[in-house]
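Residue-level structure breakdown
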Amino acid sequence: MNGEDCLAGLKILDFTQFEAGPSCTEALAWLGADVVKVENPNRGDPGRSLGRTDPEKDALYFLQYNAAKRSITLDLKDPDGIGTAKALLARADVMIENFAPGAIERLGLGYDVVRTINPGIIYCQVKGFGIGTAYEKNLAFDMIAQACGGLMSVTGQEDGPPCKPGATIGDTGTGMLMAVSILGAYVRRMRTGRGEHLQVAMQDAILHFIRNAFAYMERTDGKAAPRAGSRTVGGAHPPIGVYPCQGGGPNDYVYVFTSPSNPEHWDRLLRVMGREDLIGDPRYSTPEARRERRDEVDQLVAEWTRQHDKHTAMRLIGEATVPTGAVLDTRELADDASFEDRRIRQTMHHPVIGDYVMSGWPVRFGDAPPTVGTAPLLGEHAGTVLEEWLADG
C-alpha cells in the first residue's frame, strides 16, 4: 500500500462543490478515507459541467478534484432526502460543506442540528469570508479570495496593476488547510471522543499564505508590502528573477537567485558567465551594492542567459551550485515522462472519459504516492453506500 490505507475506516460525508471543499476531501480520499460525495439528483456538483466539451461527459475539471470518491444523490429540499442525510450523518466521522452562507442551516443541517445526531462528528465549513466580517454573507471564488486576502496586492510588476497568480491558492490552498485541520481533530477524537466544529474562510487562508508580506510591511515602517514582479516581496537583492533565454518564446526564461546570506552564489555565477574580472569589484561585491545597481546587474545576467536555451542555462548555473530553474510550461511538464514514472502524474481509468492523466497527491509513502483512483459518475454509488453505511440501521 502507498498511503491508501492511512485513513481506512474514516467516513466523510462530503457536501462540497467546485474546488475548495473537493480539494480537501480528495486529499483525504487519496489517503484512504471513504469520501461519499452528496450531490443534487439533477445536475450534481456544478463542477461536472464547468468547461465541459461533451454534454454526455463530466468535465475534466470535475475529474481533477474528485478522484477516489464515491457519489450518491439526495434531494436536500425533500424531507426524505434530509432524512437519509441525517441517517448517514449519524454514522459519519466527518461532514464538510461549502454552500453559500446560511444555506446548510436553512436546509436543516446546521452544526447545532448535526451534533445532536452525532456528538462526535467533525463538522467542517469552508466559506469565502469569516463570521463577524463585513462580508460574511458574500459569495467568493478563488480570485475573490486572492483579491480580498492581499495576494493580488503583492503580485505583478512593480509599476503595474495587481495580478492574480496562476495557482488557485484561494481554493486548493484553503482546502489543504482544512484537510490538515481535519486530521488534527480526528487524531484528538480518537484519544478523547470529542467532536469539533471547524470553519475556514478563503480570505483568512490567503492571509496565512502571505505571512512574509506582512513581515516585510512591519519591518518597513508599516508601509503596505509592494509588488515585486518575479522577485520576492521587498525585491530582495539582485540577481533575482527571470532572465530571457534563447528562443524568444513566452516561457524561454530561467530563474536565477543569489542568496544574500551566501555571498559565494554571486562569485560562482560570475565564473559561469565568464566574468571573473568582476569578482571582488566593489560595485557588485555585496548584496547592498548590487541592489543599488540592480539594472546593471540584471543586464549582465541577461546578456549571458540570452546566449543559451533555458535548459542549458539551468544546467550550467545549477552545476555551479547556484539556485536556478528553467520556466517550464504545462506542455513541457506533461511531456516529461519522469513525472509519470514516479507516479506524480497518474492515469485515471474513467468509464466514460477513458484514460486521463492527471496530477495526484505528491507525497510518497514508502516507494510511491497514493493511487489517484477514479472520479465517480453522478449517483454511481447510491446503492453500495446506503447498504454499507446503514446496514445495521
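Residues numbered from 1 in each chain as written. Predicted model: local features only at pLDDT ≥ 70, side-chain atom pairs only at ≥ 80, totals over all residues. Heavy atoms only, no water.

Examining the environment of Leu 328
For Leu 328, the position within the fold is in the loop between β9 (324-326) and α14 (330-335). Counting along the chain gives 124 residues from Leu 328 to Asp 204, while the straight-line C-alpha distance between them is 30 Å. Setting aside its immediate chain neighbours within four residues, Leu 328 contacts Lys 310, His 311 and Leu 333. (Helix = DSSP H or I, 4+ residues; strand = E, 2+ residues; numbered from the N terminus. Contact = heavy atoms within 4.5 Å.)

Looking at the pattern of salt bridges
In the structure shown here, the tally under the stated rule is 20 salt bridges. Across the salt bridge formed by Arg 189 and Asp 93, the nearest N and O atoms sit 2.5 Å from each other. On the criterion of sequence distance, the pair formed by Arg 189 in helix α7 (residues 169-192) and Asp 93 in the loop between α3 (79-89) and β4 (94-97) is long-range, its members being 96 residues apart. With relative accessibility at 11%, the residue Asp 93 sits in the buried group. Measuring nitrogen to oxygen at the nearest pair gives 3.5 Å for the salt bridge that ties Arg 194 to Glu 196. The partly exposed category is assigned to Arg 194, whose relative accessible area is 47%. (Salt bridge = Lys/Arg side-chain N within 4 Å of Asp/Glu carboxyl O. Buried < 20%, exposed > 50% of the residue type's maximum accessible area, 1.4 Å probe, protein only.)

A word on the pairing of strand β1 (residues 11-15)
In terms of residue burial, β1 counts as a mostly covered element, since four of its five residues are buried. Examined bridge by bridge, β1 and strand β2 (residues 34-39) share four bridges and lie parallel to one another. Across the sheet, Leu 13 pairs through a bridge with Val 36, a residue of β2. For the crossover that starts at β1, traverses helix α1 (residues 20-30) and ends in the parallel β2, the hand is right-handed. As paired strands, β1 and β4 are joined by four bridges and run parallel to one another. When the sheet's bridge partners are listed, Phe 15 is paired in β4 with Glu 97. (Pairing = 2+ DSSP bridges. Right-handed = clockwise from strand over helix to strand, strands pointing away.)

A word on a nonpolar patch on the surface
Judged by side-chain polarity, Phe 141, Met 143 and Ile 144 come together as a nonpolar surface patch covering roughly 250 Å² of accessible area. With respect to the secondary-structure elements, Phe 141 resides in the loop between β5 (122-127) and α6 (142-148). (Patch = residues over 30% accessible without salt bridge, like charges linked within 9 Å, V, L, I, M, F, W, Y side chains within 5 Å. Areas by Shrake-Rupley, 256 points an atom, 1.4 Å probe, with all protein chains shown as cover.)

Some points on the packing of aromatic side chains
In the structure shown here, the tally under the stated rule is five aromatic pairs. Geometrically, the ring pair formed by Phe 18 and Phe 141 is edge-to-face, given 5.6 Å between the ring centres and 75° between the ring planes. Pair noted here: Phe 18 is in the loop between β1 and α1 and Phe 141 is in the loop between β5 and α6, with a separation of 123 residues, a long-range link. A ring pair is formed by Trp 266 and Tyr 284, whose centres lie 6.4 Å apart and whose planes are at 55°; its orientation type is tilted. You can see Trp 266 sitting in helix α10 (residues 264-272) and its partner Tyr 284 sitting in the loop between α10 and α11 (287-292), a full 18 residues away along the chain. Using a relative accessible area of 5% as the deciding quantity, one classes Tyr 284 as buried. Lys 11 extends its terminal NZ or CZ atom over the ring of Trp 389, reaching a point 5.9 Å from the ring centre. (Phe/Tyr/Trp six-rings, centres within 6.5 Å; stacked < 30°, edge-to-face > 60°. Lys NZ or Arg CZ within 6 Å of the ring centre and 35° of its normal.)

A closer look at unusual backbone geometry
Residue Pro 239 follows Pro 238 across a cis peptide bond; omega there is 0°. Counting through the fold element by element, Pro 239 comes out in the loop between α9 (211-218) and β7 (240-244). In this model, Thr 321 sits at a positive phi of 60°, which is unusual for a non-glycine residue. In this structure, Thr 321 sits in the loop between α13 (310-319) and β9.

A look at the environment of Glu 332
Note on placement: Glu 332 falls in helix α14. Beyond its immediate sequence surroundings of up to four residues, Glu 332 is in contact with Lys 310, His 311 and Val 327.

A short note on the nonpolar core
Soluble globular proteins: nonpolar side chains tend toward being buried together. Core analysis: the biggest nonpolar cluster contains 43 residues, and Ile 12, Leu 28, Cys 124, Met 178 and Ile 182 have the highest contact counts within it. It is α1 that contributes the most residues to this core, six residues altogether. Not counting the four nearest positions on each side in its chain, Cys 124 is found in contact with Val 94, Met 95, Ile 96, Glu 97, Met 178, Ile 182 and Leu 198. Residues Ala 85, Leu 88, Leu 89 and Ile 104 belong to the second largest nonpolar core, which totals 23 residues. (Core = buried A, V, L, I, M, F, W, Y, C linked by side-chain atoms within 4.5 Å.)

Some points on the environment of Ala 145
With respect to the helices and strands, Ala 145 occurs in helix α6. Note on Ala 145: relative accessible area 1%, which makes it buried. Remark: the alpha-carbon pair of Ala 145 and Gly 193, spanning 48 residues in sequence, is separated by 34 Å. Once residues within four sequence positions are removed from consideration, Ala 145 is found in contact with Gly 170, Met 202, Gln 203 and Ile 206.

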